Amino acid sequence: MTADRPPAPSWRSALALTLALGAGVAGAAEPLQASVSERAGRLVATFDLPTAFPAEIERQLGNGLTNVVALVASVVPERGGSPAAAGARTLEILFDVWEETYAVTVRDARTPRGRRAVLPDFAALRTFLSTQRDLDLGPAGELPPGPLVLEVRLDLNPVSREDLERTREFIANPASSGRPGGGSRSVLAAMASILLREPEEGEEFRLYRSSPFAAADARGR
Amino acid sequence: MPLPWKAVLALVLAGPWTPAAGEDDPTPREAPRRYVIERVEVVGLETTREEEVRRRLLVSAGEVLNDEQVLLSRLRLLQLGWFSGVTTRVERGSERGRVVVVFDLTERNTLLVSDLVLGWTPPQGLYGGFGLAQQNFLGRGLGLSGAFVYGGSRLDRPQDPSLFGVRGSFFAPDLPARRQRLVAGATALFLRGEELTCSDPDCDAYAGALGGAPRLRYERLGGEAVLGFRPGAFERLTGGFRLEALSAEIVPGSGTDQGPAPAILPGESLLTALTGSYEIDTRDDSFFPRAGVRATAQITFASPFLGGDYDYSRYLVQFESAFAIFKKRLRLQAAVGAVQGDAPFFDRFYAADFAYFSIGPALWRSMELNFSTDSRYDTAVAMAGLEYAVPLWTRRGFLRRGYLALGLRGVYTTTGPGAGRTDASAWPVSGEVALRLDTPVGFFNLSTGALVDFLL
């Protein structure tokens, strides 16, 4: 007898990879319109990402292949420190080249198997993606005193380390200096070699940061 | 301030995994689309052969479109190092239900600087060298490299022949075969060099007049051909044959000090050897690895049974970890080697090659040419070192990445059992402070250790 295992939430692996690739290229945090409130003993966040999906991204999201947007939101002290609450969500976007519609599957901790929406065009998709509602941040425990902010990290198509390992090969050519120990060096430069570079995909992400709020504000809403 | 991602991950993974009662959790009910791939297009190629790209794709015409296979194909192409960009898209096919998968490729520079040498020593004066390596030769992923070092005539001996070395190498890292993935390569070299043969490393008897010092003048012409296979994705096992025609001549000094010459047969001789090597490289990045190791083991057997004049064996194992020792940005480097029999001097170990710098006349060699006054070669070597890295930047542009390396390395060489350490350097330990750069034309190492080597 085999037990039916629930499908592993893809957002979990995407998130793990997002975190593993944390040392990527990113600019400063952009301002974030957000609200954090308590509902049935849990913290939920609603936020807008109006700049995250510009018109130019239609070419990427409409490429007919699955694109993944990974979002990680966390409540952290304004002055920095460990997050007091956090949650993640992935959105899998698939443009159907024959139907010319966008299918979006949203997965998060509350709906790990996903909920699906079909959108007629890019404008509708953009609206759908730009406002994220009710992202579960976990139990509404003791939020620390002092000003807090909601930080959101957005990754487009994060690549899992497992996928990188599956595709990586030892194809680097040997060092051209011949036998080890006899290699050349210099003050100006030394051995060069390349290859096995990390793919550029997955290196970019965007950070958003809300204006400060107090723990009482979250509980009182 | 960046998010503390590890803490976030711990929090998130501890979150609720099953939907709470009453939560909206509609399982997607629509069956996934099942489009059939009508054809696969590869666009954007300039020098790379299309068949070299296609044999690495995991999708083909007639299959049902599988997004994951397209993604893995894309990653495989990126990992080759031939492309700076690989984008994929799906377009409508000739009829409903059929699609075209397009791989749009942007090629990157694969011609790299492999050697850049500039130095000055009292007996030689100025010398320098340069090397280039093409990593995608003929658009087939073949490696072709060439390098030279030129020193000209020694100072005080302008009538002497120039000292120089040239080397060319070819390597096929991934030859398609039915059941194995083969590798093959060939190297050719020509060197004309000199070793001063004073009885002391500094040639004190000829101080100020090194042109009168005794010397061994030699030439090496030959090469090596190797063939092997890849036992695993990150391993190579090769065997080869090495052939070199050697000539050596002792040029007496003008004084009484006529020290021993480095080991080599006088006159014309022939070196023939079987070689074997095993190489494993699991590093995640060849510039600044954060995981994995690189190790090589090499064996050389030279014997008159192979038609040559030399009878010896040589063993060398080298190891290098990622910057991950003790969960710090620490890298371990180690080497151990030994030679048995009557190996020519250039197949023995030159201590300065393994050190960051040497306090004394010994100086790292350039393409195996020794421009210092110290001609002591040893039959055993052991080296161990640690390097600490401070990442400095990651950005777009010519200087893509940079880090500061702080290293400490100990080297022990000896002429034989019981002979004690050869004091090629007054201290067996040397240090390094280097700025390492990742650029589109190769990795560069601005090394104070190398500078110190010239000064001390």
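Residues numbered from 1 in each chain as written. Chains lettered and ligands numbered in written order. Predicted model: local features only at pLDDT ≥ 70, side-chain atom pairs only at ≥ 80, totals over all residues. Heavy atoms only, no water.

Further remarks concern the overall build of chain A. Each helix and strand in chain A was counted, giving five helices and nine strands. Secondary structure elements of chain A, listed N to C terminal, follow the sequence α-β-β-α-β-β-β-β-α-β-β-α-β-α. Taken over 221 residues, chain A has a buried fraction of 54%. When contacts within chain A are restricted to residue pairs at least 6 apart in sequence, those whose partners lie at least 24 apart make up 71%. On chain A, roughly 9300 Å² of surface is accessible, and the fraction owed to carbon and sulfur atoms is 52%. (Helix = DSSP H or I, 4+ residues; strand = E, 2+ residues; numbered from the N terminus. Buried < 20%, exposed > 50% of the residue type's maximum accessible area, 1.4 Å probe, protein only. Contact = heavy atoms within 4.5 Å. Areas by Shrake-Rupley, 256 points an atom, 1.4 Å probe, with all protein chains shown as cover.)

Quick look at the pattern of salt bridges now. All names here are of chain B. Tallied over the entire structure, the rule returns 50 salt bridges over all chains. In this structure, the salt-bridge partner of Arg 39 is Glu 38, at a minimum N-O distance of 3.2 Å. In this structure Arg 39 comes out as partly exposed when scored by relative accessible area, which is 37%. Measuring nitrogen to oxygen at the nearest pair gives 3.0 Å for the salt bridge that ties Glu 41 to Arg 39. (Salt bridge = Lys/Arg side-chain N within 4 Å of Asp/Glu carboxyl O.)

What follows concerns the nonpolar core. Ranked by size, the top nonpolar core spans 62 residues in total, and within it Phe 47, Leu 137 and Leu 150 of chain A together with Phe 103 of chain B carry the most contacts. Residues Leu 271, Ala 352, Trp 364 and Ala 450 of chain B belong to the second largest nonpolar core, which totals 41 residues. (Core = buried A, V, L, I, M, F, W, Y, C linked by side-chain atoms within 4.5 Å.)

All names here are of chain B. Scored by pLDDT, chain B has a mean of 88; 93% of the residues are at 70 or more. Predicted confidence is poor over residues 1–29, with pLDDT under 50, and the contacts of this stretch with residues over four places away or in other chains come to 62 contacts. Both confidence scores are given for the complex: pTM 0.76, ipTM 0.72. (pLDDT = per-residue confidence, 0-100.)

Below, the discussion takes up the packing of aromatic side chains. Residues and elements named next belong to chain B. Following the criterion strictly, the structure yields 17 aromatic pairs over all chains and no others. Measuring from centroid to centroid gives 5.5 Å for Phe 164 and Phe 190, while their planes differ by 50°, and the two rings are tilted. In this pair, Phe 164 sits in strand S7 (residues 163–176) while Phe 190 sits in strand S8 (residues 181–196), placing the two residues 26 residues apart along the sequence. Between the aromatic rings of Trp 364 and Phe 454, the centroid separation amounts to 5.8 Å while the plane-to-plane angle is 75°, which identifies the pairing as edge-to-face. Of this pair, Trp 364 sits in the loop between helix H4 (351–354) and strand S15 (380–394) while Phe 454 sits in helix H5 (residues 448–455), and the two are 90 residues apart along the sequence. Note on Trp 364: relative accessible area 2%, which makes it buried. Look at Phe 454 and you get partly exposed, because its relative accessible area is 22%. The ring of Phe 346 carries the charged tip of Arg 220 above its face, separated from the ring centre by 3.7 Å. (Phe/Tyr/Trp six-rings, centres within 6.5 Å; stacked < 30°, edge-to-face > 60°. Lys NZ or Arg CZ within 6 Å of the ring centre and 35° of its normal.)

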